[in-house]
Every structure is written in C-alpha cells, then in structure tokens.
Amino acid sequence: MAVPTVPRTLEQRPPEPQLLARMRRLGPSLSRALLAIILAFSLGGIVITLTNGNPLAAYWNMFLGAFGDLQSFSYTLVIVTSLIFAGLSVAIANRAGLFNIGAQGQLAVGAMTAGIIAFKAPNAPGWLLIPLMIVASALAGAIWGGIVGLLKAWRGSHEVVTTIMLNWTAFYISDYLISGPFKAPNQANQTSSLPLQATLPRLSIWYNDTLGKFLPQIPQPEQYLVDVSIFFALIALVVYWFITRRTTFGYEVRVIGQNPKAAQYAGIPIKRNIVLAMALAGAFAGLAGSLHLMGQFPYQLIGTTFALDTTGFDGIGVALLGNTTPLGILFGALFFGGLRQGGNLMQLNTNVPIDVYRFIEALVLLFITAQFLPGFQRYLPNWLRVNRPPATATLAASSVGAPTGGAAMVDLPDNGNNLHLAENNGLPPGEKLASVDRHSDQVEEN
Amino acid sequence: MLLVQVLLRVLGSSDLWAATLQFGALLLLPALGGVISERSGVTNIAMEGMMLTGAFAAVMGAKATNSLLGGVLFAMIAGGLMALIHGIVSIHLRANQIVSGIGINIAALGLTNFLLFTLTNGQGYPSLPNALRLPNISWGPLANIPFFGPVLFQQNIVFYLAVLILLGMQFLLFHTNIGLRIRAVGEHPQAADTAGVNVFRVRYLCVIASGLLSGLAGAFFSQGISGVFNPNMTAGAGFIALAAMIFGKYIPWGAAAACLIFGLGEALSPRLQDSGISANLLSTLPYLLTLVALVGLVGRTTAPAADGIPYEPGTE
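From a predicted model like this one, the values you see are computed outputs, not experimental measurements.

A. Examining the overall build of chain B more closely. Secondary structure assignment for chain B yields 14 helices and zero strands. When the elements of chain B are put in sequence order from the N terminus, they spell out α-α-α-α-α-α-α-α-α-α-α-α-α-α. Its C-alpha radius of gyration of 20 Å places chain B within 12% of the 20 Å reference for a compact globule of 316 residues. Its C-alpha atoms give chain B principal-axis dimensions of roughly 65 × 50 × 40 Å. Here chain B holds 316 residues, and 54% of them are scored as buried.

B. Inspection of the overall build of chain A at higher detail. Counting its secondary structure elements, chain A contains 20 helices and zero strands. Within chain A, buried positions represent 54% of all 446 residues. Here the analysis covers contacts within chain A between residues at least 6 apart in sequence; of these, 77% occur between residues at least 24 apart.

C. Highlighting the interface of chain A and chain B. Contact with chain A, which involves 44 residues of that partner, is made by 44 residues of chain B. Listed by contribution, the elements that provide at least two residues to the side of chain A that touches chain B are helix H5 (126-155), helix H6 (159-179), helix H13 (311-321), helix H15 (356-369), helix H18 (408-411) and helix H19 (413-416) of chain A. If you tally residues by element for the side of chain A that touches chain B, the top one is H6 of chain A, at 12 residues. Taken together, the residues of the side of chain A that touches chain B sort by class into 27 nonpolar, 11 polar and six charged.

D. The arrangement of the packing of helix H2 (residues 55-67) of chain A against helix H14 (residues 326-350) of chain A in detail. Residues and elements named next belong to chain A. The N-to-C vectors of H2 and H14 enclose an angle of 125 degrees; their axes lie 7 Å apart at closest approach. Between H2 and H14, the angle falls in the class oblique. For the element pair H2 and H14, the recorded crossing hand is right-handed. Judged by residue contacts, Ala57, Ala58, Asn61, Met62, Phe63, Leu64, Gly65, Ala66 and Phe67 of H2 engage Gly338, Gln341, Gly342, Gly343, Asn344, Leu345, Met346, Asn349 and Thr350 from H14. For the contact of H2 with H14, the residue count by class is nine nonpolar, nine polar and no charged.

E. The arrangement of the packing of helix H4 (residues 68-92) of chain B against helix H5 (residues 97-120) of chain B in detail. Residue and element names in this part refer to chain B. One way to put it is that H4 packs onto H5 with a least axis distance of 10 Å and a crossing angle of 150 degrees. Between H4 and H5, the interaxial angle falls into the category roughly antiparallel. For the element pair H4 and H5, the recorded crossing hand is right-handed. Here H4 contributes Met82, Ile85, His86, Val89 and Ser90 to the contact with H5, which in turn contributes Gln97, Ser100, Gly101, Ile104 and Ala108.

The rules behind each value
Residues numbered from 1 in each chain as written. Chains lettered and ligands numbered in written order. Predicted model: local features only at pLDDT ≥ 70, side-chain atom pairs only at ≥ 80, totals over all residues. Helix = DSSP H or I, 4+ residues; strand = E, 2+ residues; numbered from the N terminus. Rg over C-alpha atoms; globule rule 2.2 N^0.38 Å. Buried ≥ 20, exposed ≤ 12 C-beta atoms within 10 Å, placed from the backbone. Contact = placed C-beta atoms within 7 Å. Nonpolar A, V, L, I, M, F, W, Y, C, P; charged D, E, K, R; others polar. Axes fitted to C-alpha atoms, helices over the stretch in contact; angles between N-to-C directions. Parallel < 35°, antiparallel > 145°, perpendicular 65-115°, else oblique. Left-handed = near helix turned anticlockwise from the far one by under 90°.

Shown next as structure tokens:
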C-alpha cells in the first residue's frame, strides 16, 4: 500500500524573495504576449511574401514610420492616447469578468456629447467649456456602459450581445445627429468645427507657451501632432492602477471576475459592482471619444466615422496584450498605435497595403486567446514558463506562478463566458471549495 | 399627414415587399449559420467577417473561373475556411470564443482590403458582368400575378435557396437524430460524450456550416445584389443577423421571422426619405428590438447551456 505523501502547500514553502515572485508572475504573461506578436508577424510576413512583397523591408518601414523620428512618434502618440482609453475601458470590464465590446459605441456617445455641448454653447469661455465637455462625455459614456451593466445584473443579458446592439444604436444616432440637427451649413454629413476655445492645444505649442518661457523652446512646434490629451491618458492609467489595486471596489471586482461563486459566498455585492465596472468602462471609452475630438484637427464630427473607426475594438487587443495591467496597457497601446501609424510609411515605401496591420492585429488576438501557447512554452527557459495550476485540490493552493489579475478571460475561459451570473461558473462541482481557496490566495498576492 | 400618406404609398408598393424579402434572405443565411453554430455550443459573432470574406471571394472567384458557380463555390469555401479557423481556435485550442470571433472579423476586414489592393493594384473595385451575376428567377405565369408576382416569384435564386435551407434546418435540428445530437452537444457536452457523440466533430461541422452559409450570403450580396465588391461592404449585416438569431430565440423559424422584420426596416429606410423620418433613426430599430427581446419583454431568450464554453474531454 502506497504511503500518501504530504502535499506541499504554500505555507510550507520558504518565502520567496519578492522580486523573484514578481518575475515569476510577469514571465508567463510577458512570454504569452511576445509569442503572440512574433507568431502574428511571422504569419503576416508569409502573406506579404505570397503577394510578392518583402516582409523585412515592410516591417522595417513600419517601425520607422511609427518610432523612427520625433515627428512620426508624435503621430503615433495621437493614436496611442485613444488606444489607452479604449484599452482601459475593456480592461476594467474584464477585471469584473465582463467583455466590453461596446467601447466603440461608448466612445461615439462620449464624442457626440462633448460636441453637442460645444455647439450649444459656442460662446462659453474655455475654462468652463473644456472641463464641462470632458466630464459630460465621461458621464454619457458611463450611462451607455451602465445600461449594459444594468441589463447584465438585472436580467442576466449577455454583455457581448447588448454591447453590440448598443454600438450600432450609438452609430446610427450619432449619424442622425451629425447629418441632421448639428449638420454644418453647406456641408454634407459633418458638423462644423468646435469653437476654438473648446479645443486642446498641441503638446509642443503648449510647452512653448508655458515651460518654454523658462526652458529651451521647441523649434517648429506645429509639426508635432500630439496634443495634451496624452497627459489625460497617462493620468487615466494611474487612476486605473489606483482603482484596481488600492480600493475595495477594485478588490471586489477582481474576486467577481475570477470566481463569482467565491464573491457571492463572501457577501460581495455582485450586481452593484458589475454596474459600476461597466459604467467606469463606459466613462473611459467616452473620454477616448471626446478627447480625440477636442485634440485633433479638424475638431469636428463626421458621419459614419464611428462605424468605420476601430479604436474601440483595438482596445480589446490592447487590454489582452497588456494582460489588463496598467503598464501592459501602455505597451499594448504603443504596439497597436505603432502598427497603425507605421502602416502608412510601409505602404508608401514598399507598396504593401496598410491593411496588413489589421491582419496582424487579428492574428495577435487569435494567438493570444488560443490555449496552445503553453505547449510552446515547454521549450522556453524556466522563468518564462506558465505554471499551470495543478489539478488536485490541495496542490491548487500552491500555484504561485498562475497568472493573476485580470487574466481570468485568458486562463479561466469559463469565467468570461457566464451567461447567467453566479449560476454557471464552469467549475466542476467537486472543486468549488478548493477553487475558492485558490482564488482568494491569488487575490491577496496582488 | 404627409407621413401617413408616404407610409401608405410605400407600404402598398410591391417594390417594398420584394426588397424586404431580399434583405430578409440576405440576413437569414448568416442567422441560420449562427443558429446551428450556437446550438452546438460554439458562440459565433464572426458571421460579419465570414460574409465579407465570402463577398470578396465570390467576385474574385467568378472573375477568375469566369463562371457563376465558381464564384459561389469560392465564396462558400472562403467563408468555410474562416469558420474553420474560428473552429480550431475555439474548439481544439479552447480559446475565448468572443475574442476569436472579433479576431475573425478584423482579419476579414484586413485580408479583403489587403487582397483587393494587391490583386487590383489599387485601381477601382472589381465589378461583374451580368452573365456572372446570380440571376433572378421568373416563375413563368406566376410572375405576372399583380403584387404577389414581383414579391414572391421574381426573386433572386439565392432567396429560394435560403427558404429551402430554412425548412431543411428547422427539420434537421428538431426532427432528426443529427439535430438531437447537435442540441445535446450544445446543452450538455459531457452527457453527449458519454452517450457516444463525438463532441468535437459535431461542433466543427456546425461551425463550418455557419461559415458556408455566411459565405453564400456574401456571394448573394456581392455577386447577386450589387454586382461589385466594395471594401467593408457588409457594413454590419452580419451583426443584424446575429441580432436576428437572438431575437428568434436560436430557432430557425424565429430567426426567419426576425429577419423579415429587420429586412422590412432595411427596405423601408431608403423609401421614407421624403417623409421626414430619418433613415438613420429607423436603422436603430433592429438593435433596439433585440435589446427589448433580451430584457425579456417579449419572452425570455435563453442561449444553449454550454454555449461559449470550450469542452474538455474528461471533465464532469
């Protein structure tokens, strides 16, 4: 008869140095993202080769076009600003185990609201108008996202479906407003530009007007496109970090996202937090819309833009690539922003169509969500490997290296797909208690 | 007053109802694809992308093979291939099926634009001569019946095909052994597996079927209705089909009824231009109706129990 061995649990291990523990958590999510990117570029390269292009030249031009010089980089940062907000919108919903496909619609509503305020009060002073537009757009986005949360909490309606419906509703309503009540005279399908005091200055010009009075000036400031809203995006990243890591709400949302049953046992108000998380997601997306409108020429709303623009959907890639962490989202936004901006120079110099960037983006999404990367990782150095949570109950508690945070969607695919909250979290019946332990452990580690 | 007059005039015209049926059939094909895919437990929001790929492949295929059937075949194969990718990623690789669906949609947009640019060297959009377009069928004397003739008996060939597929799928899903297996796999794959049903195979076949149907719809759009491929020409039709599927409670009949309602909306909006009703506002109708359906005001819509959950053999 075999003697049962005592399972090694977390308590029995010598405590790991903090840095090493951090590295072990970072490794898997980093290697997952890197592998997805490498695979996507490789497949994209094959497609370019098949159509008689030179992938290396194409990618090099793409890189130069995005990060090659300061001017290109400033163009990239314009896209990055929107993508950070869109990524945050998807990420915070994802922390609650929800899938916000509605960022694009919430963005449209936000931009529309900001525009309406400026058009209705064209003579108001800038110090009043700008904060009002920003706050109102965040509120409008929050309402548009909050509806989704309400429907989810109240009726259990799947958020993916409701967000898709609300997206198209938002597109058509904004098109109606743009081509109807707010149409510019003698123009088709566009509004007039915002009043000048309602726009945000370019970063370089703003610097010259303020700090530049004491420090060296930037020569030819007009050539740098990025406006001051990049600061708002960076602030939003910090706010997101604070909300998810330093507030009760952030903690509760993480528990809900990773294990709704555990959250219910712990008495966490699930419905309220779901509505709040979706409202916050909507607010971030609404800001993406209004700040882009206020910061970029031609400062006007154009019909069908929102249905064609993909910022809201790119946000999904940004959040997934960044594993819903603030730094990850920043890098994800830089990656996707660079891809989109760099595509222009690639098309110009190598005649490879810019649409390759979409293809690569789609491949990154597919590769990052597919669960075959752990198979590849077997051949990687130790620190890059995913430690898959052991299957048995007691050992489960020791899964230090399991991806934490918002990885629920990627690593616990069942949770992201709940149709009926708290009825169906996909866990085998026998494992309920064990997984409660496991998840609460993980949350504390954060 | 003006509004009522315009409405009465428009509602009485056979033209409107013919267009309604045409749009309805266009939406019905991907909606049926969605029904069979989700019934087998694979969430599919990628009908839009599969349709777009199909629309592109239809025009290119018809041009390349210089035959009408070649276009349709290319379209269905292209849609099926996109579906196969979705299938592999979400069935074998147990990915999040929403992410995979979005990936397919974005890939379709990028790929069609990319190929359009490289294959035509950026010179205009490819259009088809009449001989390569899917024809309308005229049913002899029946086509001459006033009102009903133009509405029912002069439709595109794909319309009649769509009706046949609708009848076939309703029968298949609810009156055959195969249908029972499909639904079992979507409701409780573990039980189906125990009963000897090959869960993976059923799911693959259903997802691919959704791709074939969406591809056919794409061909109907580009090769039949418009005769030309424009970038992103489906412009959300696949999402209306998704809405129709949910509105129809994952039942072929229901989806067909929803497609008719949404088709009427699509057909009405350009015809009400001079009545003061905004076409844009009218276009929100399918989506708002679906939201109402989801909230449960017209009876609860419930997805199959295992919809969207990857199946792992050996789990309880």
